[in-house]
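Chain residues, written in single-letter form:
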Amino acid sequence: MNEDEVRRHAYSMPLHSPSYPRGPYRFVDREYLIVSYHSDPEILRSILPAPLKLAEPIVKYEFINMPDSTGFGSYCESGQAIPVIFDGQCGLYIHAMYLNDHAPIVGGRELWGFPKKLGEPVLRVERETLIGTLQFGGSQIATATMGYKHTIVEENEVLSAMQAPNFVLKIIPHVDGTLRILELVRYYQTDICIKGAWSGPGALELRPHAMAPVADLPVHSIKSTLHFISDLTLGMGEVVHDYLN
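Residues numbered from 1 in each chain as written. Predicted model: local features only at pLDDT ≥ 70, side-chain atom pairs only at ≥ 80, totals over all residues. Heavy atoms only, no water.

Novice: Teacher, can you tell me more about a nonpolar patch on the surface here?
Specialist: A surface patch of nonpolar side chains, about 240 Å² in accessible area, is lined by Met1, Val6 and Leu15. Mapping Met1 onto the fold places it in the segment before helix H1 (3-9). (Patch = residues over 30% accessible without salt bridge, like charges linked within 9 Å, V, L, I, M, F, W, Y side chains within 5 Å. Areas by Shrake-Rupley, 256 points an atom, 1.4 Å probe, with all protein chains shown as cover. Salt bridge = Lys/Arg side-chain N within 4 Å of Asp/Glu carboxyl O. Helix = DSSP H or I, 4+ residues; strand = E, 2+ residues; numbered from the N terminus.)

This is the structure in structure tokens:
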């Protein structure tokens, strides 16, 4: 291959067998369980990267089943997001993500800078309960439960929240271990179709783990629970702050 051919073909590693296809990335029948809880504002401020500012001392703990996703297949994801303000705009900072599929781990980290690590999340219905569990390193570190479809939620409320921007911190080192890329990235979800949304009684338990510290954002009390199903396209990102420039 000459240099032009290398540049034309290179978008993911390895060069001759990329880990995922080029976008856009469409998701069908994404199923969410989101438990929003009150946490410690000082802890939240201490982990948020400037110039993001804490909007409210809330953490959204999420479990997401993704049974049909372009190039990524079928997998489950679990993680934490924090409401933030950037330049007067309200959105969510993605703090941690754990999932059970190699392709979206690689694609998410390389393209957007998603903070993804390999874990074993599961979202399922157990009799009258919707339950999400996360195992990491041989330990179960998160359990979220919600009464199954107790109350219908207005779909426009969910759509409005889904249309808000999300922020991630993209970190890529140089070959000598120094920083080469350190950027705050903003992205949106588009072409959203909400297929149903519900709420119900909820609970969340987080357990300490050295390599998956979800419990470092303590649960003070539950604010709300949300279960919904949606189709969407995951939009590509844009750099809104370059820490090295």
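Novice: How should helix H3 (residues 102-112) be read in this particular structure?
Specialist: Note that an α-helix has 3.6 residues per turn; residues three or four places apart therefore point the same way. Within H3 the residues assigned to the buried category are Ala103, Pro104, Ile105, Val106, Gly107, Gly108 and Trp112. In the segment just after H3, Gly113 is the residue with positive phi, at about 95°. (Buried < 20%, exposed > 50% of the residue type's maximum accessible area, 1.4 Å probe, protein only.)

Novice: What is the right way to look at the sheet that holds strand S9 (residues 139-147) in this model?
Specialist: The four strands lie next to each other as S7-S8-S9-S14, forming an open sheet whose pairing is antiparallel. Every interior strand has two partners, whereas the edge strands, strand S7 (120-126) and strand S14 (202-206), have only one. Averaged over all pairs of adjacent strands, the angle between strand axes in this sheet comes to 10°, irrespective of strand direction. Both strand S8 (residues 129-136) and S9 contribute to a ladder of eight bridges, which runs antiparallel. Residue pairing in the sheet places Ile131 in a bridge with Thr145 of S9. (Pairing = 2+ DSSP bridges. Axes fitted to C-alpha atoms, helices over the stretch in contact; angles between N-to-C directions.)

Novice: I'm lost on unusual backbone geometry in this one. Help?
Specialist: A negative phi angle characterises most non-glycine residues, just as the trans form characterises most peptide bonds. The amide bond that connects Met13 to the next residue, Pro14, takes the cis arrangement and shows omega of -10°. Tracing the sequence through the fold places Pro14 in the loop between H1 and strand S1 (25-38). For the bond running from Ala50 to Pro51, omega is 10°, close enough to zero to count as cis. On the secondary structure map, Pro51 appears in the loop between helix H2 (41-47) and strand S2 (53-54). Look at Asp29: it is not a glycine, yet its phi comes out positive at around 60°. Here Asp29 shows up in strand S1. A residue is classified by how much of its surface remains accessible, and Asp29, at 36% relative accessible area, is partly exposed. Non-glycine residue Arg127 carries a positive phi angle of around 55°.

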